[in-house]
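Report on the structure
Listed here are the chains, written in short residue letters.
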Amino acid sequence: VQLAGMTQFSPYVLVSTPDRTRARGLMDNGPPLNAAHVLEWSADEFGRFLVECGWPSGFLLGHTINTDKHWAKTTTLAVAGREALRPDASRPARVAAVIHAFNERDIIGEVIDHLLSQGVEVHVFDNWSTDGTFEYVCERGAVFAERFPDAPTTQYCWHDQLAHTAVYGATLDAEWIIHHDADEIRYSPWRGVRLADAIGRVAELGYNAIDFTVLDFRYLEDAPGSTPPYQANLNLFEFGRRPGHFQQVKCWKNMGMSVDLASSGGHDATFEDRRIFPLKFLLKHYPLRSAEQANRKVFRDRLPRFETEHAARGWHGHYEGYRKSGAVNGWRRSELLAWHEALFEDEYLVERLSGIGLRET
């Protein structure tokens, strides 16, 4: 009951207990009678117990590891507090996503539809795609679309695109800006809460930047074909573990001045007096979606166009390994995790909110 009271004024309240079912098996009914002072719950029982003790609705409940020796997730964790509870009445923020795209026609419509459903306005700069991306975006309406740079180029020029996003974002009549890729789907930390509403709550709490946890969705080597909608048809993932994935501050409060987005290669928008919201939002990433699309993207649309910046800045190394193999062959099922929204939020509560527990490859 005292902890329930603390959730009203403390930013965060975390309570953990062993999950009786996971630790001792389904047939176990609890501690013996002569040890009744030791209370043990399943996760569902513990959640109900907290509600009975006065915990407010909307707290986060899931599992985490018991020790760092065996990594078994036998501990139930509840996360509440003034800044962690599901927001119910925040004023939506005016949010704009700025997208630079090159040959992403098969997925960009799904991305745009999702952003609009999340209360986010969309601004697309097409880098002279050759697959009809620009024409497709223009036909959709409700989206600003323009080509950048002024003429086609044989190189990707990512630094210029990032600088353009930072400058352009500062001119918009939007309270928050998201540096967004054409193959990303983003969510707030609270199920059912739109990005615009969640960002509005972050703003109310006095923060001005948001970090993201990255999930990379993959196709299988023995099932190389995948088609839109990708959120429905690509349901195996791995956590992003490249160094750049561990710093994903790509959403910031628009203060009418350009942030530094280019220095980090687009991973970390920096500016004076930055205050990052402690709970990470979620970024579902679909860069390589089928054997045909992946090999075209890597060997035609990316590696040749990355060469200048890779040599000059050391950027774009994530596809270099494919030069030697000569093909993107897909992933083994055993290397990946199955996506299910409710199970993901339960099993990966800590990793999803903080990135703690993920290890670089």
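The preceding data block contains the structure.
This is a predicted model, so every value here is computed, not measured.

Here we come to the environment of proline 243. For proline 243, the position within the fold is in the loop between strand 11 (236-239) and strand 12 (251-253). Of the residues examined, proline 243 reaches a relative accessible area of 58% and is grouped as exposed. Each C-alpha atom of the pair proline 243 and alanine 93 lies 30 Å from the other, and the pair is 150 residues apart in sequence.

Within the span of helix 5 (residues 133-140), buried status applies to Thr133, Phe134 and Val137. In a view along the axis of helix 5, the buried residues occupy a sector of 95°, so they form one face of it. Of the surrounding secondary structure, the elements contacted by the buried residues of helix 5 are strand 4 (95-101), helix 4 (105-117), strand 5 (120-126) and strand 6 (144-147). Directly beyond the C-terminal end of helix 5, a positive phi value near 70° is found at glycine 141.

This part is about the sheet that holds strand 10 (residues 212-217). Spatially, 5 strands are ordered 8-13-10-11-14 in an open sheet, and the strand pairing comes out mixed. Edge positions in the open sheet fall to strand 8 (184-187) and strand 14 (337-338), since each of these has one partner strand only. Note: strand 11 against strand 14, 2 bridges, orientation antiparallel. Bridge pairing in strand 14 links phenylalanine 237 to leucine 337. Those strands touched by helix 7 (residues 195-204) are strand 8 and strand 13 (281-285), and its axis lies near 145° from that of strand 13.

Here 3 strands make up an open sheet; going across it, the order is 1-3-2 and the pairing antiparallel. On the outer flanks of this sheet lie strand 1 (13-18) and strand 2 (60-64), each paired with one strand and no other. Neighbour-to-neighbour, the strand axes of the sheet open up by a mean angle of 25°, direction not taken into account. Judged from the 6 bridges that link them, strand 1 and strand 3 (residues 75-80) form a sheet pairing that is antiparallel. Bridge pairing in strand 3 places proline 18 opposite threonine 75.

For helix 4, which comprises 13 residues, the first-to-last C-alpha distance of 19 Å matches the rise-based estimate of 18 Å (1.5 Å per residue) to within 8%. Among the residues making up helix 4, those that are buried are Ile107, Ile108, Gly109, Glu110, Val111, Ile112, His114 and Leu115. Just past helix 4, the residue glycine 119 takes up positive phi, approximately 80°.

Pairing of strand 10 with strand 11 involves 3 bridges; the strand directions are antiparallel. Paired with aspartate 216 across the bridge in strand 11 is glutamate 238.

Attention now goes to the pattern of salt bridges. By the definition in use, this model includes 31 salt bridges. Between arginine 289 and glutamate 104 there is a salt bridge whose closest N-O contact spans 2.8 Å. Separated by 185 residues along the polypeptide, arginine 289 in the loop between strand 13 and helix 9 (291-313) and glutamate 104 in the loop between strand 4 and helix 4 bring together distant segments of the chain. For arginine 289, a relative accessible area of 0% translates into the label buried.

Okay, the nonpolar core next. Membership of the largest hydrophobic core comes to 88 residues, with the highest contact counts inside it found for Ile199, Phe281 and Leu288. Take this core: its biggest share by element is 6 residues, from strand 4. Filtering out sequence-adjacent residues up to four positions away, leucine 288 remains in contact with Phe217, Arg218, Tyr219, Gln293, Ala294, Lys297, Val298, Tyr319, Tyr322, Val328 and Trp331. Counting 11 residues, the second largest nonpolar core, distinct from the first, contains Ala4, Val15, Trp55 and Ala80.

This part takes up the side chain of glutamate 351. Mapped onto the fold, glutamate 351 is located in helix 12 (residues 349-354). Every residue in contact with glutamate 351, bar those within four places of it in the chain, is listed here: Lys73, Thr213, Phe239, Ile356 and Leu358.

This structure, assessed with the given rule, holds 24 aromatic pairs. Here the aromatic rings of phenylalanine 237 and phenylalanine 239 are separated by 5.7 Å at their centres, their planes lie at 75°, and the arrangement is edge-to-face. Of the two residues examined, phenylalanine 237 and phenylalanine 239, each falls in the buried class. An aromatic cluster is present here, built from Phe217, Phe237, Phe239, Tyr286, Trp339, Phe344 and Tyr348 joined pairwise through their rings. One Lys or Arg, arginine 313, reaches over the ring of tryptophan 315 and ends 5.3 Å from the middle of that ring.

What follows covers the pairing of strand 4. Burial of strand 4 is extensive: 7 of the 7 residues sit out of reach of the surface. Burial of the side chains of strand 4 extends over both faces: Val95, Ala97, Ile99 and Ala101 are buried on one face and Ala96, Val98 and His100 on the other. Strand direction decides the pairing type here: strand 4 and strand 5, joined by 7 bridges, are parallel. Note that in strand 5 the partner of alanine 96 across the bridge is glutamate 121. For the crossover from strand 4 across helix 4 to strand 5, the handedness is right-handed. As paired elements, strand 4 and strand 7 (residues 176-181) share 6 bridges and run parallel to each other. Counterpart to alanine 97 in the pairing with strand 7 is isoleucine 178.

Quick notes on the rules
Residues numbered from 1 in each chain as written. Predicted model: local features only at pLDDT ≥ 70, side-chain atom pairs only at ≥ 80, totals over all residues. Heavy atoms only, no water. Helix = DSSP H or I, 4+ residues; strand = E, 2+ residues; numbered from the N terminus. Buried < 20%, exposed > 50% of the residue type's maximum accessible area, 1.4 Å probe, protein only. Arc of directions from axis to C-beta. Contact = heavy atoms within 4.5 Å. Pairing = 2+ DSSP bridges. Axes fitted to C-alpha atoms, helices over the stretch in contact; angles between N-to-C directions. Expected span 1.5 Å × (residues − 1). Salt bridge = Lys/Arg side-chain N within 4 Å of Asp/Glu carboxyl O. Core = buried A, V, L, I, M, F, W, Y, C linked by side-chain atoms within 4.5 Å. Phe/Tyr/Trp six-rings, centres within 6.5 Å; stacked < 30°, edge-to-face > 60°. Lys NZ or Arg CZ within 6 Å of the ring centre and 35° of its normal. Right-handed = clockwise from strand over helix to strand, strands pointing away.

All we've got here are geometric facts, nothing functional implied.
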